[in-house]
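# Chain and residue survey
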Amino acid sequence: MPGTGRRASAHRAEEPRPEAERRGAMTWAQRLRRVFHIDIETCSACGGPVRVIASIEDPVLIEKILAHVGEPRPGGAAGRECESTAAGCR
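Note that this is a predicted model, so its numbers are computed, not measured.

Thresholds, definitions, all that
- Residues numbered from 1 in each chain as written.
- Predicted model: local features only at pLDDT ≥ 70, side-chain atom pairs only at ≥ 80, totals over all residues.
- Heavy atoms only, no water.
- Helix = DSSP H or I, 4+ residues; strand = E, 2+ residues; numbered from the N terminus.
- Buried < 20%, exposed > 50% of the residue type's maximum accessible area, 1.4 Å probe, protein only.
- Areas by Shrake-Rupley, 256 points an atom, 1.4 Å probe, with all protein chains shown as cover.
- Patch = residues over 30% accessible without salt bridge, like charges linked within 9 Å, V, L, I, M, F, W, Y side chains within 5 Å.
- Salt bridge = Lys/Arg side-chain N within 4 Å of Asp/Glu carboxyl O.
- Disulfide = S-S within 2.5 Å.
- pLDDT = per-residue confidence, 0-100.

With that settled, consider the overall build of the chain. Within the chain, the secondary structure is distributed over four helices and zero strands. Taken from the N to the C terminus, the helices and strands of the chain come in the order α-α-α-α. Considering the chain as a whole, with its 90 residues, one finds that 3% of them fall into the buried category. Of the roughly 8,400 Å² of accessible surface on the chain, a fraction of 55% belongs to carbon and sulfur atoms.

Together, Ile-56, Leu-61, Ile-65 and Val-69 give the surface a local cluster of nonpolar side chains, amounting to about 320 Å² of exposed area. Counting through the fold element by element, Val-69 comes out in the segment after helix 4 (59–68). For Val-69, a relative accessible area of 52% translates into the label exposed.

As a further point, take the state of the cysteines. Following the criterion strictly, the structure yields zero disulfides and no others. Here Cys-43 stays unpaired: no disulfide links it, and the sulfur of Cys-46, its closest cysteine neighbor, is 3.7 Å away. On the basis of relative accessibility, which here comes to 25%, the residue Cys-43 falls in the partly exposed class. On the basis of relative accessibility, which here comes to 63%, the residue Cys-46 falls in the exposed class.

The next point concerns the pattern of salt bridges. Within the structure shown, the criterion is met by two salt bridges. The residue Asp-39 makes a salt bridge to Arg-33 at a minimum N-O spacing of 3.4 Å. Overall, the relative accessible area of 34% leaves Asp-39 in the partly exposed class. The shortest N-O distance in the salt bridge between Glu-41 and Arg-33 comes to 2.5 Å.

A positive phi angle is found at His-37, which is not glycine, with a value near 60°. Examined against the element boundaries, His-37 turns out to sit in the loop between helix 3 (28–36) and helix 4. Take His-37: its relative accessible area is 71%, and that puts it in the exposed class.

With that out of the way, let us pick up the confidence of the model for the chain. Within the chain, residue pLDDT values average 75, and 61% of them lie at 70 or more. The least confident element of the chain, judged by mean pLDDT, is helix 1 (residues 5–14) at 54; the most confident is helix 4 at 92.

Here it is as structure tokens:
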């Protein structure tokens, strides 16, 4: 059957994709590695692979979990309030 098997999939992989499609295909773990040089898919102790089982993105839930385990508030935008008086800020 034409278009099946390894040869067909290898041929499709060689075709150039538009830049927007290539950027959209990148996972958040790949973005962390590329932008911040953080590799969350490799164990820092043994170098083995790490499997991500959850991604918690709700700032309120993150603060509750960190408070429960005795960790400080996260840094970055989630841990600070805007000091600007610009429109849209508090």
